[in-house]
Amino acid sequence: MTGEVIAFFVLAIVAIMGGMLLLHLSNVVHMVVALVFTFLAIAGIFITLSAEFVAAVQVLIYSGAVTIIMLFGIMLTRHDDVSEKKQIKSSTLLAAGGVGAFFLLMFFAINGMSVSEPATNLHVDNTKRIGELLYTNYLIPFELISVLLLAALIGAIILAKRDDKQEEKP
Amino acid sequence: MVHYAFMIPLFPLLSFLLHLLFRKRVRSIAPILGCICTLVPLVLSVGVLIARFQGTTYTKEIEWLSLGKTAITMGVVITPLNAMMLVIVSLVSFLVHVYSKEYMKDSERLGTYYSYLGLFTFAMLGLVMSVNVVQLYIFWELVGVGSFLLIGFHYTSLAARAAAKKAFIMTRIGDVGLLIGIILLYWKTGSFSFAAIFQSVASGGISQEMITVTALLIFVGAIGKSGQLPLHTWLPDAMEGPTPVSALIHAATMVAAGVYLVAIMYPLFLASSVAMTTVAVIGGITAIFAASIGLVQDDLKRVLAYSTVSQLGYMMLALGSGGYDAGVFHLMTHAFFKALLFLAAGSVIHAVHTQNIREMGGLWNKLKFTGPLFVVGALSLSGFPLFAGFFSKDAIFAAVYHDGRYVLFFIALLTAFLTSLYMFRLVFLVFFGPAAEKIYRENSIILLAPMVVLGILAVVAGYIGSSWFGAPLQRFLHDGTTSLPLEAHGPVWLPYVAILISLAGIGVAYVRYGRRKDFHHENTSSSPVTMLLKNKYYVDEVYGVIFVKGAAFIGTIFVFVERYIIEGMVGTLASTVQWLAKCGSAFQNGQVQRYGAVAITGLALMLLLFIVLTGGYLQ
Amino acid sequence: MNNVPLSGYLLLALVLFCIGLFGALTKRNAVIVLISIELMLNAVNINLVAFAKYGENPGLTGQIFALFTMTVAAAEAAVGLAILMALYRKRKSVHVDEMNHLKQ
């Protein structure tokens, strides 16, 4: 029982707890905050997987940016939190059945799966090597991603902008 | 002249189309149009006959359908038999058209009547000129349609409708046999043409059993059309149609189509002794069976109808006994004298407005032309010496005697006796004896002229087949073919026996019916035999019990099966489907989340299936 | 047991993915649905990074693709929220079960 294993278990439990709280809580803001724990735990998982740069990006983007965006989204829309009734609907049952079946199948598929010996040198100069790869091997996907981000930025602005003409129409 | 043969059926077709299109407007000229459209084929037919007499067989065909390697052709072929049939059909058809002008003049639907007549004539002429069995079958069915329409012409009458349906269904039973026979022939020989089929039969290309089977199946078709036992019951009922139609279709032409079919497929029948025996036996039994029923019927036309069935049996008997010439010869003479008898009967009915012979009598002095003409027909049918029927019946006797089946020969003689007995029963009951107090007028010349023509032919037509003049008909029929059996010559005493039998029948009829004094005589004896005959051997009743009740019984069982088993299954199925549809429509609530849930469930199921079926990737 | 086996990471990813999926399929609030989708994407990222270390061909490719996924996820979150705003202005609601335009 090494420290890595202990760290994994703790982080995994935190991540799953965060997910469970997301499902269980009724206040929307609480849900998002619960999920921040999950995101942070996942960042820790990334560190155990020798992906330091990815972990950093995870903290920045998910725990920072996405969560903030979601909180803004919640604040900008009206919420009547009492409407989350605790009665079980048929659609919930159906979704639970489907997800459960999917989970079981996948569980049996991945159970005991071990492909090869782990790589040992991934953490050496991790950020530097990622940067080199991004600007050599993955240059074109990288540039495409930047175009996608630009498009998403413009698209989001246009969609979210209050359009006065459209407002009058209906 | 023979090159114009293809035009022969086209004129009746034109007549059919014109009458059909303009039947409301051309009522006044409909008969004239019809007569012209049959006179032209008559002239052409006579020309073709003369040309064929001098020349050889003429064949003209065009490709109609190409199915793989097989090409189905349409066209005309003029063999001696065809040429003779053409003349018979077009002549009788023309005379009936003329006759109908007067007989049907009060009909509301004169145009329709003439259009049906045109259709029938077209089909019949096309039938006798067919180059292959497919064309034959097409026209064979068209003839059936024409017959159906004409029998049911008085469609307001329940009996006519029933008779039309009965005729159609009964002949259809036979047609199925014919169709199967044709298909089997094609299967075995790879061709529809007569010549190729006969070639294959002659060279042993078909097994003996298959020849027998196909010949019997084709004979089933002939049984249906020619009213042979056991499918004969439609023919007497068909007398519900107008009398000229009976003369044309149910005496002279269509019912003879069955005999014609056997004649034209004769090489096939000759190759199978079983088929020949079947034809002969069915023919013989039908002959005596129908003749005995004819003895006691009271309806003028029905007596003639049973007589027709009987005479068709005669022809089949002759053909089955190897007497090809005799059968065809009798077909020709019968067409003339039976058409004459029907037209004369129509004339009588037209005058007295009843068909029951017990309400007639003493008409000899009142219908001065119809009476003698009817007697001429009756004499000819009875085989009275020097009339046409005498020669053709003599030929049949000779053929049957020569064939050596003495039981059938005896049946033929007995039938001849019965024939002259029932015919002269008719003559004595209708034309002699005490008369009713009413006054009847002789019919007009338009009715009488066709009868006169037929009367002359009923007398003289026999001589062309008589050996006294060197038998020109037989030589003509054998022209160009070698496969037909030669004319059989009976013993010297045969004609005398035939004459004796004919006279005996007439004599018995005179003793029995000719000397009655009172008009409304009651000789309806109720002996079992009479009752049996009066009820036509209960054939219809037996059919009623076996087929109708049997079908009803089977139907009841199937109703039960259907109602409780099939409908139960169907109901379950339907409600299951409805339930599934309800479940399905519950998913279609327009919410993306529901769609996603369904999608993930489906994905899970597909993965499960994948793992169960293939074991997954990693195993 | 010196190392956590690959299946351990995969199992964690699976659990998180299923939680995200269930949330996305059942929650009424559109914001929560969006954030559940982010959770699913994160689970996928765990898989990518885990296979980058324990997979058949270890290397940095998996980590780079995890980065790409995060970028796309961020873009998706931004656009998704923008759409949500537009919808909210129209319908005055962010409840997914009231958005059944597909039915009409």
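Thresholds, definitions, all that
Residues numbered from 1 in each chain as written. Chains lettered and ligands numbered in written order. Predicted model: local features only at pLDDT ≥ 70, side-chain atom pairs only at ≥ 80, totals over all residues. Heavy atoms only, no water. Helix = DSSP H or I, 4+ residues; strand = E, 2+ residues; numbered from the N terminus. Buried < 20%, exposed > 50% of the residue type's maximum accessible area, 1.4 Å probe, protein only. Areas by Shrake-Rupley, 256 points an atom, 1.4 Å probe, with all protein chains shown as cover. Salt bridge = Lys/Arg side-chain N within 4 Å of Asp/Glu carboxyl O. Contact = heavy atoms within 4.5 Å. Polar contact = N/O pair within 3.5 Å; in protein donor to acceptor, adjacent residues only side chain to side chain. Nonpolar A, V, L, I, M, F, W, Y, C, P; charged D, E, K, R; others polar. Buried area = accessible area lost by both parts, 1.4 Å probe. UniProt positions renumbered as here; feature names shortened; annotations may be inferred. Pairing = 2+ DSSP bridges. Expected span 1.5 Å × (residues − 1). Phe/Tyr/Trp six-rings, centres within 6.5 Å; stacked < 30°, edge-to-face > 60°.

Draft legend 1. The overall build of chain B, seen in detail. Counting its regular elements, chain B contains 24 helices and two strands. Here chain B holds 619 residues, and 57% of them are scored as buried. When the accessible surface of chain B is summed, it comes to about 25800 Å², and 70% of that surface belongs to carbon and sulfur atoms.

Draft legend 2. Examining the pattern of salt bridges more closely. Residues and elements named next belong to chain B. Taken as a whole and assessed by the stated rule, the structure comprises five salt bridges over all chains. Of the charged contacts in the structure, one is a salt bridge between Asp237 and Lys166, with a shortest N-O distance of 2.8 Å. Of the two residues, Asp237 sits in helix 9 (residues 234-237) while Lys166 sits in helix 6 (residues 158-189), which places them 71 residues apart along the sequence. In this pair, the class of Asp237 matches that of Lys166, namely buried.

Draft legend 3. Summary view of the interface of chain A and chain C. Every contact between the two is made by 82 residues of chain A and, on the other side, 74 residues of chain C. For the pair chain A and chain C, the number of links is zero salt bridges. Put simply, chain A and chain C have eight residue pairs in polar contact (both at pLDDT 80 or more) between them. Take the side of chain A that touches chain C: its biggest share by element is 13 residues, from helix 3 (residues 52-76) of chain A. Residues of the side of chain A that touches chain C, tallied by class, amount to 57 nonpolar, 14 polar and eleven charged.

Draft legend 4. Main features of the interface of chain A and chain B. Across the contact, twelve residues belong to chain A and twelve residues belong to chain B. Here chain A meets chain B over a buried area of about 880 Å², counting both sides, of which 86% is carbon and sulfur. The largest per-residue losses of area from chain A upon contact with chain B belong to Leu94(A), Phe102(A) and Leu105(A), which jointly make up 56% of the total buried on that side. Connecting chain A to chain B are zero salt bridges. Across the chain A-chain B interface, the total number found is zero residue pairs in polar contact (both at pLDDT 80 or more). Split into classes, the residues belonging to the side of chain A that touches chain B amount to nine nonpolar, three polar and no charged.

Draft legend 5. Expanded view of the UniProt feature "transmembrane region" (unreviewed entry) in chain A. All names here are of chain A. Mapped onto this numbering, the UniProt entry annotates "transmembrane region" (unreviewed entry) at residues 6-25, 32-49, 55-76, 88-110 and 138-160. Summarising residues 6-25: 95% helix, 0% strand, and an end-to-end C-alpha distance of 28 Å. Secondary structure across residues 55-76 comprises 100% helix and 0% strand; the distance between its end C-alpha atoms is 30 Å.

Draft legend 6. The pairing of strand 2 (residues 70-78) of chain B, seen in detail. All names here are of chain B. Among the nine residues that make up strand 2, eight are buried, leaving the element largely enclosed by the rest of the structure. Here strand 1 (residues 58-67) runs beside strand 2; their pairing, made up of nine bridges, is antiparallel. When the bridges of strand 2 are listed, Leu67 appears paired with Thr70. Between strand 1 and strand 2, which pair antiparallel and follow one another directly, the connecting turn spans two residues, one of which, Gly68, has a positive phi of 65°.

Draft legend 7. View of the environment of Gly505(B). All names here are of chain B. By the secondary structure assignment, Gly505 is in helix 21 (residues 494-514). Gly505 sits 80 residues away from Arg425 along the chain, and the two C-alpha atoms are 9.4 Å apart. Those residues in contact with Gly505 that lie beyond four places of it in its chain are Phe417, Ser420 and Leu421.

Draft legend 8. View of helix 1 (residues 6-26) of chain C. Along its 21 residues, helix 1 of chain C runs 30 Å from first to last C-alpha, staying within 8% of the 30 Å computed at 1.5 Å per residue. Burial analysis of helix 1 of chain C places 18 of its 21 residues in the buried class, the great majority of the element.

Draft legend 9. Highlighting the packing of aromatic side chains. Scanning the entire structure with this criterion turns up 25 aromatic pairs over all chains. Taking 6.0 Å as the distance between ring centres and 85° as the angle between the ring planes, the aromatic pair formed by Tyr138(A) and Phe65(C) counts as edge-to-face. With Tyr138(A) in the loop between helix 5 (126-135) and helix 6 (139-160) and Phe65(C) in helix 3 (residues 61-91), the pair connects residues from two separate chains. Taking the relative accessible area as the measure of exposure, Tyr138(A) reaches 15% and is therefore buried. Residue Phe65(C) is classed as partly exposed on the basis of its relative accessible area of 39%. Ring centres 5.1 Å apart and planes at 40° place the aromatic pair Tyr266(B) and Tyr324(B) in the tilted group.

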